[in-house]
Amino acid sequence: MPFTNWNLLSVAGTKKKFTCPGLGLFYTILSAFLFSVASLFLKKIEDVHSVEISAFRCVFQMAFVLPGLIYYKTGFLGPKGKRVFLFFRGFLGSGAMILLYYAFQVMPLADATVITFSSPVFTSLLAWIFLKEKYSLWDLLFTLFTITGVVLIARPPFLFGSSITGIEGNYTNHLKGTIAAVVSAVSTASTFVILRKMGKSVSYFLSIWYYAVIGLIECIVALFVIDEWTLPYCGTDRLLLILIGLLGLGGQIFITKALQIEKAGPVAIMKTMDVVFAFILQILFLNHLPTWWTVGGALCVVASSSGTAIRKWQHNSKKAKENEI
């Protein structure tokens, strides 16, 4: 469940102090593991719609953020000039989570994880369009590689024929899951662009608060529309819902800590463990072997996303050195 604030990479890239060598990378691996286990538990839940699971996640986020808002006295609405940005950050961010959870439920775990891992590439593209940031030939190459990776995972019949193997259920659900995962990645990228636009003037807690509150409202409205609101039928599903909330929260805390004490480049590379863990858990606990098409798509997306993040880190590091001079 890789909801990493990649926008923080630019901040983390300038930090040089850390408590002990490798601690930030350990936090990154731990975060990736917690997110992956939460995704596995999500696939194990039966008869609970992905929107309802998202609602439970939002409740956990609100419970975590509320003490921070009270302690730092940030208020619940934020600065007047930033409220529109906060609203769209919450709307797009929570929408990305709902779509991601849906993708996890209808397609292989590794496939959905790989596609959503492409958000840094889309961030560069959207930042070029809306923030007029530099978009180089390398960025274009990474974007094309990402699209190639998504196509290899989706395997549309007009390119790969009508006989598609290695998917869960029918191809229609696989295609719906692919579309949901892509839109989730684009929505996540959009939130990062909004966060860049807001800068550091808005508290991190306030940003998460909007995300959780608006997400909960989205989920409640959606559940009434699709008429899917049901309590889990067994104690196991209820326990899994609680664990998903706790693991997701733990993953977010550890990746935030990692970005505070480690340089962005190494963290970006270590974040690829999200995909590695997804493949391992899918094979061990879901008895689903990935196809070579999925492996090839994963290599394209992971290489592109890591390359984008590392180039961003190098650019910010170079700019920081120039400012010192």
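Our subject is the structure listed above.
Residues numbered from 1 in each chain as written. Predicted model: local features only at pLDDT ≥ 70, side-chain atom pairs only at ≥ 80, totals over all residues. Heavy atoms only, no water.

Caption draft 1: Structural detail: the overall build of the protein. When its secondary structure is counted, the protein shows 14 helices and 0 strands. Ordered by position in the sequence, the α and β elements of the protein form the string α-α-α-α-α-α-α-α-α-α-α-α-α-α. Among the 325 residues that make up the protein, the fraction classed as buried is 51%. Taking the contacts inside the protein whose residues are at least 6 apart along the sequence as the reference set, 88% of them involve residues at least 24 apart. In the structure as shown, the protein presents an accessible area of about 15500 Å², 70% of it carried by carbon and sulfur atoms. (Helix = DSSP H or I, 4+ residues; strand = E, 2+ residues; numbered from the N terminus. Buried < 20%, exposed > 50% of the residue type's maximum accessible area, 1.4 Å probe, protein only. Contact = heavy atoms within 4.5 Å. Areas by Shrake-Rupley, 256 points an atom, 1.4 Å probe, with all protein chains shown as cover.)

Caption draft 2: Region of the structure containing the side chain of Q282. Within the secondary structure, Q282 sits in helix α13 (residues 273–285). Reaching out from Q282, the side chain makes a polar contact with the backbone nitrogen of L109 at a distance of 3.1 Å. Among the polar contacts made by the side chain of Q282, one reaches the main-chain carbonyl oxygen of H288 at a distance of 3.1 Å. Beyond its immediate stretch of four places on either side in the chain, Q282 contacts P108, L109, A110, N287, H288, L289 and P290. (Polar contact = N/O pair within 3.5 Å; in protein donor to acceptor, adjacent residues only side chain to side chain.)

Caption draft 3: Representation of helix α9 (residues 171–198) in the model. For α9, built from 28 residues, the straight-helix expectation of 40 Å at 1.5 Å per residue is met to within 8% by its first-to-last C-alpha distance of 40 Å. One or two residues past the end of α9 sits G199, with phi positive at roughly 75 degrees. (Expected span 1.5 Å × (residues − 1).)

Caption draft 4: Up close: unusual backbone geometry. One non-glycine residue, K132, lies in positive phi territory at about 60 degrees. Within the fold, K132 resides in the loop between α6 (119–130) and α7 (137–154). Look at K132 and you get exposed, because its relative accessible area is 68%. Backbone geometry at N287 places phi at a positive 50 degrees, although glycine is not the residue there. Along the polypeptide, N287 turns up in the loop between α13 and α14 (292–324).

Caption draft 5: Broad picture of the environment of L66. With respect to the helices and strands, the residue L66 is situated in helix α3 (residues 50–72). Sequence separation between L66 and W209 is 143 residues, and the spatial gap between their C-alpha atoms is 7.5 Å.

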